[in-house]
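Chain and residue survey
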Amino acid sequence: VLEPIPGEGSSIARTLVELSTIEALTLADYGSAEEYASRALAMAEHLGDRRIEVEALIALGNTKTRGEGPRAARGILEEALTRAEAAGELGLALD
């Protein structure tokens, strides 16, 4: 599902982030949500898209919070903040 299309990687990665959010918030399917967020993160890292990296980490952290509790998410959300600061995208981490 959602194989990379040349020139469309960032759009696909962002779609994976959105699917993660839907799975977690609407369906409470945290396993699927985590899978989507992890795939988005891997794709964003491969593409060097720092903004989507942060979005994917936040989605992954939010999923972990809902599924396993805040302690499971802390390291992930701290990494999101670190990457947001490094990318000059601190506003993402504050949403």
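Everything below is about the structure shown above.
Now for a quick tour of the structure.

So, about helix H1 (residues 9-25). Its 17 residues place the ends of H1 24 Å apart at the C-alpha level, agreeing with the 24 Å of an ideal helix rising 1.5 Å per residue. If you follow the buried residues of H1, they end up packed against helix H2 (30-47) and helix H3 (50-68).

On to H3, then. Look at H3: 26 Å from first C-alpha to last across 19 residues, which is about the 27 Å you get at 1.5 Å a residue. Among all positions of H3, only Ile52, Glu53, Val54, Glu55, Ala56, Leu57, Ala59, Leu60, Gly61, Thr63 and Lys64 are buried. Measuring from the side-chain oxygen of the N-cap residue of H3 to the backbone nitrogen of arginine 51 gives 3.3 Å; that N-cap residue is aspartate 49. At the exit of H3 stands glycine 69, carrying a positive phi of roughly 105°.

What follows is about the packing of H3 against helix H4 (residues 70-87). Contact geometry of H3 with H4 gives a least axis separation of 8 Å together with a crossing angle of 165°. Overall, the two elements H3 and H4 adopt an arrangement that is roughly antiparallel. In this structure, the crossing between H3 and H4 has a hand that is left-handed. Contacts from Arg50, Glu53, Val54, Leu57, Ile58, Leu60, Gly61, Asn62, Lys64, Thr65 and Glu68 of H3 reach H4 at Pro70, Ala72, Ala73, Ile76, Leu77, Glu79, Ala80, Arg83, Ala84 and Ala87. In terms of residue class, the contact of H3 with H4 is built from 12 nonpolar, 3 polar and 6 charged.

Conventions and cut-offs
Residues numbered from 1 in each chain as written. Predicted model: local features only at pLDDT ≥ 70, side-chain atom pairs only at ≥ 80, totals over all residues. Heavy atoms only, no water. Helix = DSSP H or I, 4+ residues; strand = E, 2+ residues; numbered from the N terminus. Expected span 1.5 Å × (residues − 1). Contact = heavy atoms within 4.5 Å. Buried < 20%, exposed > 50% of the residue type's maximum accessible area, 1.4 Å probe, protein only. Polar contact = N/O pair within 3.5 Å; in protein donor to acceptor, adjacent residues only side chain to side chain. Axes fitted to C-alpha atoms, helices over the stretch in contact; angles between N-to-C directions. Parallel < 35°, antiparallel > 145°, perpendicular 65-115°, else oblique. Left-handed = near helix turned anticlockwise from the far one by under 90°. Nonpolar A, V, L, I, M, F, W, Y, C, P; charged D, E, K, R; others polar.

Such coordinate-based values are descriptive only and should not be taken to indicate function.
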